[in-house]
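Given next are the chains, with one letter for each unit.
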Amino acid sequence: MSLAYNDKKIPDRVRISPSSLFNYWDNPYRWYKNCVIGTKSSPNDSIVIGSLLHNRIERFYLGLDPIDRDDEGEYITLFDSDPTINSYEIVKIVDRTWDGCVLKYVSEKGIKPDAMEQWVEFIPNSNPDVYIGGTYDYRYGTTIGDYKSCSTLPKSISISHKMQLAVYAWLLRLQGVNIDTFEITYIKKWKATHESPTTGKQIGGSTPEIIVLKEPIREEDITFVVSEMKRIGTKISMCKKDPSLVELFFNVNVLSKFNN
């Protein structure tokens, strides 16, 4: 198994990934630079921690030793040149979070996913410039799920996570797999305490916890993300023919039109 994520590239086509869709709504031009031009965004501790926890969960369900120090070490060294990535702290957070709640959760859940870390895609004949594709975390029955590491546990599934899973649900439906439920497994990371400069007491620590949130899929969400992806694809094609349109098409905050 490899921790390094490699998306499937199709020559001469831009990938619209389910996980990046909300980034487009939030900042269209940054999305265009990252996804169309190919400017790489900087990694951060949260992404590395999430990848390591994902990998351990997958290995557990495959019947392997969840912790492969060689594989994890090789992955972490990919970020050695980034001064913002603290390898020692990352390993400590992952280990404490795994031991504190994740191992117990996967051991007691009793439901093994029907599929894990599966790539799904759609290549539209109507637009030769784009394709939609990505890797979802897990699926069982008619439920599509995702693992999200976080600092605080949410009370409801965020809009960005709903829309991401709506795209995956649509892609799976195209393959004949019925999906009617979203599920997000939120994993609150362990956080060390620190000494208060005023009282000298240890403060600010966080105990790892897990909460699983589920919602039925709304058909209007599927309709919305599909129409948005078609619109993005059309804009990309038009900008490919006329680059002067980039500023017009990708400098508008789409979230201003978003209705939850």
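Cut-offs applied
Residues numbered from 1 in each chain as written. Predicted model: local features only at pLDDT ≥ 70, side-chain atom pairs only at ≥ 80, totals over all residues. Heavy atoms only, no water. Helix = DSSP H or I, 4+ residues; strand = E, 2+ residues; numbered from the N terminus. Rg over C-alpha atoms; globule rule 2.2 N^0.38 Å. Buried < 20%, exposed > 50% of the residue type's maximum accessible area, 1.4 Å probe, protein only. Contact = heavy atoms within 4.5 Å. Areas by Shrake-Rupley, 256 points an atom, 1.4 Å probe, with all protein chains shown as cover. Lys, Arg positive; Asp, Glu negative; His and termini not counted. Charge placed at Lys NZ, Arg CZ, Asp CG, Glu CD. pLDDT = per-residue confidence, 0-100. Pairing = 2+ DSSP bridges. Arc of directions from axis to C-beta. Phe/Tyr/Trp six-rings, centres within 6.5 Å; stacked < 30°, edge-to-face > 60°. Salt bridge = Lys/Arg side-chain N within 4 Å of Asp/Glu carboxyl O.

Chemist: Help me out: how do you make sense of the overall build of the chain in this one?
Modeler: For the chain, the count of helices and strands is eight helices and eight strands. In terms of overall size, the chain behaves like a compact globule, its C-alpha atoms giving a radius of gyration of 20 Å where 260 residues would be expected to give roughly 18 Å. Among the 260 residues that make up the chain, the fraction classed as buried is 45%. For the chain, the proportion of contacts with a sequence separation of at least 24, taken over those separated by at least 6, is 73%. With the model as given, the accessible surface of the chain reaches about 13,800 Å², and the carbon-plus-sulfur share is 51%. Of the charged side chains in the chain, 32 are positive and 34 negative, and the gap between their average positions amounts to 5 Å.

Chemist: Please clarify how the confidence of the model for the chain should be interpreted in this entry.
Modeler: In low-pLDDT regions, the fine details of the predicted coordinates are not to be read closely. With 95% of its residues at a pLDDT of at least 70, the chain reaches an overall mean of 90. Of all secondary-structure elements in the chain, the lowest mean pLDDT belongs to strand β7 (residues 202-203), at 76, while strand β8 (residues 209-216) reaches the highest, 97.

Chemist: What's the story with the pairing of strand β3 (residues 130-140) in this structure? I'm lost.
Modeler: Counting buried positions over the eleven residues of β3 gives eleven, a clear majority of the element. The pairing of strand β1 (residues 14-16) with β3 spans three bridges and is classified as parallel. Residue pairing in the sheet places I16 in a bridge with I132 of β3. Strand direction decides the pairing type here: strand β2 (residues 115-122) and β3, joined by seven bridges, are antiparallel. Looking at β3, one finds that M116 is bridged to Y138.

Chemist: Help me out: how do you make sense of helix α4 (residues 69-76) in this one?
Modeler: In an α-helix there are 3.6 residues to a turn, and that puts residues three or four apart on one side. Inspection of α4 places D71, E72, Y75 and I76 among the buried residues, and these make up the whole buried set. Around the axis of α4, the buried residues are gathered within 130° of arc, so they sit on the same side. Across α4 from its buried face, at more than 90 degrees, point the exposed residues D70 and E74. On its buried face, α4 sits against α3 (45-61) and α5 (87-109).

Chemist: I keep staring at the packing of aromatic side chains and nothing clicks. Help me out?
Modeler: Two aromatic rings, taken as a pair, are described by how far apart their centres are and by the angle between their planes. Taken as a whole and judged by the stated rule, the model has twelve aromatic pairs. Look at F22 and W25: their rings are 5.9 Å apart centre to centre, the planes differ by 85°, and that puts the pair in the edge-to-face class. Of this pair, F22 and W25 are both found in helix α1 (residues 21-26), three residues apart, which corresponds to roughly one turn of the helix. We classify F22 as partly exposed; its relative accessible area is 23%. Among the residues examined, W25 registers a relative accessible area of 0% and is labelled buried. Aromatic rings pair up to connect Y24, W31, Y32 and F250 into one cluster.

Chemist: For this particular structure, what's the right way to read unusual backbone geometry?
Modeler: Even without being a glycine, D12 presents a positive backbone phi close to 70°. Located in the positive-phi region is E117, a residue other than glycine, with phi close to 50°. With respect to the helices and strands, E117 occurs in strand β2. Classification of E117 by relative accessible area gives partly exposed; the value is 29%.

Chemist: Sorry if this is basic, but what is going on with the pattern of salt bridges here?
Modeler: Pairing between side chains of opposite charge can happen when their charged atoms approach one another. Under the definition given, this model contains 19 salt bridges. Where R59 meets D68, a salt bridge forms, and the shortest distance between an N and an O atom there is 3.8 Å. In this structure, E220 engages R218 in a salt bridge whose closest nitrogen and oxygen atoms are separated by 4.0 Å. According to the relative accessible area criterion, E220 is partly exposed, its value standing at 49%. Residue R218 is classed as partly exposed on the basis of its relative accessible area of 35%.

Chemist: I would appreciate a short explanation of the pairing of strand β4 (residues 143-150) in the present structure.
Modeler: Within a regular strand, the side chains alternate between the two sheet faces. In terms of burial, β4 is a largely internal element, seven of the eight residues being buried. Note: β3 against β4, three bridges, orientation antiparallel. Its bridge partner lying in β4, Y140 is registered against T143. Where β3 folds back on β4, the antiparallel hairpin that results is connected by two residues, among which G141 adopts a positive phi of roughly 60°. Bridge analysis of β4 against strand β5 (residues 181-188) gives eight bridges, and the strand direction is parallel. In the strand pairing of β5, D146 is matched with I184.

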